[in-house]
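The residues making up each chain are set out below.
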Amino acid sequence: MPFELRLRPLADRGALLFDLHKALLKVQSWCQEVALLQTGYFRGVFHVQSKEGNPSDLVTEVDFKSEQLILQHIAKEYPDHEILSEEAGAISGKDSDFLWIIDPLDGTSNFARGFGAFAISIALAYQGEVCLAVVLAPYLKETFHAIKSEGAFLNGKPIQAGRQKELLHAWASSSLLFEQSLSVDSLRTLHRLLGKLGGVRRLGAAAYELSAVGSGFFDLYFESGLKRWDVAAAALIAKEAGAIVKVQALGERYSVLAANPELFALIETDLWPFLSLS
């Protein structure tokens, strides 16, 4: 049975329904528009700068232009909804039940260097729970989407988390080995643990990497120091594809561990302490 949002009853109108399927079509259209913008700039000339206080955290004019397009669409279609977006921050609205969570260009450093692992990530949360998600990777021409309780899809086809049951053959994605807050001893222990895996990749695009667990491209994804817009959409996609996704908020920072159920059971106890301490 399709998942429906039954909104709080109003005094003069009974219960209302919010059509997630219509919203999904709109979000996919917005993402396609932003994708055209980004591919037009990709490997071209554009302004790049570092964010204040972190020379390695880049932002480009394409981030801002991408975000502005999305915000304009939301303002037109859903003017009362609240917004949390990477560059603009929090934007209040009259209807606090709905929150759009946006990363207009996930993987900015990749984009700036001409590496094609970058994505647009948009999630819609209702009363704190994400119910709609789209992650579009323009250069790869891959669009993940999910609606709560209706499964996950890649380019319109259903996807399922991988079924790998052995760590030795499992592919993971993470940059945890580069986490500067870990002690030398912790890094050594982590290195031994990750040595049990078939391979560890580092793409630098959290929304895409976590979504890729849902498609089986990766068997595991684990990371710390993320923001809500990095994980909101992709976590729903991975969950709807059958992965187990554990997320913990540490202030404004998020840690996440995602894997198929068999691998999650094998690695959670050993790996999670590194994420929760980061």
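Residues numbered from 1 in each chain as written. Predicted model: local features only at pLDDT ≥ 70, side-chain atom pairs only at ≥ 80, totals over all residues. Heavy atoms only, no water.

## Points about the pairing of strand β7 (residues 95-106)
Summarising burial for β7: ten of the twelve residues are buried, a large majority. Both strand β5 (residues 81-85) and β7 contribute to a ladder of five bridges, which runs parallel. The partner of Glu82 across the bridge, within β7, is Leu99. Relative to strand β8 (residues 119-126), β7 runs antiparallel, the two sharing seven bridges. Paired with Ile101 across the two strands is Ala123, which belongs to β8. (Buried < 20%, exposed > 50% of the residue type's maximum accessible area, 1.4 Å probe, protein only. Helix = DSSP H or I, 4+ residues; strand = E, 2+ residues; numbered from the N terminus. Pairing = 2+ DSSP bridges.)

## Some details on the sheet that holds strand β11 (residues 152-154)
Read from one edge to the other, the open sheet built from eight strands follows the order β6-β5-β7-β8-β9-β10-β11-β12, with strand pairing classed as mixed. The open sheet has two edge strands, β6 (89-91) and β12 (157-158), and neither has a second partner. Judged from the three bridges that link them, strand β10 (residues 142-147) and β11 form a sheet pairing that is antiparallel. Bridging from a neighbouring strand, Phe144 pairs with Leu154 of β11.

## Regarding the pattern of salt bridges
If you walk through the whole model with that rule in mind, you get four salt bridges. A salt bridge links Lys148 to Glu129; the nearest nitrogen and oxygen atoms lie 2.8 Å apart. One end of the pair, Lys148, is in the loop between β10 and β11; the other, Glu129, is in strand β9 (residues 129-137), and 19 residues separate them in sequence. With a closest N to O distance of 2.9 Å, Glu268 and Lys246 form a salt bridge. Here Lys246 lies in strand β16 (residues 244-250) and Glu268 lies in helix α7 (residues 261-277), a separation of 22 residues in the sequence. (Salt bridge = Lys/Arg side-chain N within 4 Å of Asp/Glu carboxyl O.)

## A few points about the packing of helix α5 (residues 206-215) against helix α6 (residues 228-240)
The contact between α5 and α6 brings their axes to 8 Å, and the two run at 5°. Taken together, α5 and α6 sit at an angle that is classed as roughly parallel. Residues Ala206, Ala207, Leu210, Ser211 and Gly214 of α5 touch α6, and the partners they reach there are Asp230, Val231, Ala234, Ala235, Ile237 and Ala238. Residues that form the contact of α5 with α6 fall into these classes: eight nonpolar, two polar and one charged. (Axes fitted to C-alpha atoms, helices over the stretch in contact; angles between N-to-C directions. Parallel < 35°, antiparallel > 145°, perpendicular 65-115°, else oblique. Contact = heavy atoms within 4.5 Å. Nonpolar A, V, L, I, M, F, W, Y, C, P; charged D, E, K, R; others polar.)

## So, the packing of aromatic side chains
Across all of its chains, the model carries twelve aromatic pairs by this definition. On the basis of an interplanar angle of 65° and a centroid distance of 6.5 Å, the ring pair of Trp30 and Tyr78 is categorised as edge-to-face. Residue Trp30 is found in helix α1 (residues 20-41), and its partner Tyr78 is found in the loop between α2 (61-77) and β5; the two are separated by 48 residues along the sequence. As far as the burial class goes, Trp30 and Tyr78 line up, both buried. When the centroid spacing of 4.9 Å and the interplanar angle of 45° are considered together, the rings of Phe98 and Tyr126 count as tilted. Separated by 28 residues along the polypeptide, Phe98 in strand β7 and Tyr126 in strand β8 bring together distant segments of the chain. Assessed through its relative accessible area of 1%, Phe98 is described here as buried. Here Tyr126 falls in the buried class, since its relative accessible area comes to 9%. Connected via pairs of aromatic rings, a cluster forms that spans Phe18, Trp30, Tyr78, Phe98, Trp100 and Tyr126. Between the NZ or CZ atom of Arg201 and the centre of the ring of Trp171, over which it lies, the distance is 4.1 Å. (Phe/Tyr/Trp six-rings, centres within 6.5 Å; stacked < 30°, edge-to-face > 60°. Lys NZ or Arg CZ within 6 Å of the ring centre and 35° of its normal.)

## Looking at the sheet that holds strand β15 (residues 220-226)
Spatially, the five strands line up as an open sheet ordered β14-β13-β15-β17-β16, and their pairing is mixed. One side of each edge strand has no neighbouring strand; the edge strands of this open sheet are β14 (199-201) and β16. The sheet shows a mean angle of 15° between the axes of neighbouring strands, direction not considered. Where β16 meets strand β17 (residues 253-259), seven bridges bridge the pair, whose relative direction is antiparallel. Residue pairing across strands places Val245 opposite Ala258, the latter belonging to β17. Along the sheet, α5 contacts β13 (171-173), β15 and β17; its crossing angle with β15, the most-contacted strand, is approximately 150°.

## Focus: the environment of Phe64
Following the sequence through the fold, Phe64 ends up in helix α2. Given a relative accessible area of 40%, Phe64 falls into the partly exposed group. Distance from Phe64 to Glu87, taken between C-alpha atoms, is 7.0 Å for residues 23 residues apart in sequence. Dropping the residues within four chain positions of it, Phe64 is found in contact with Val59 and Glu87.

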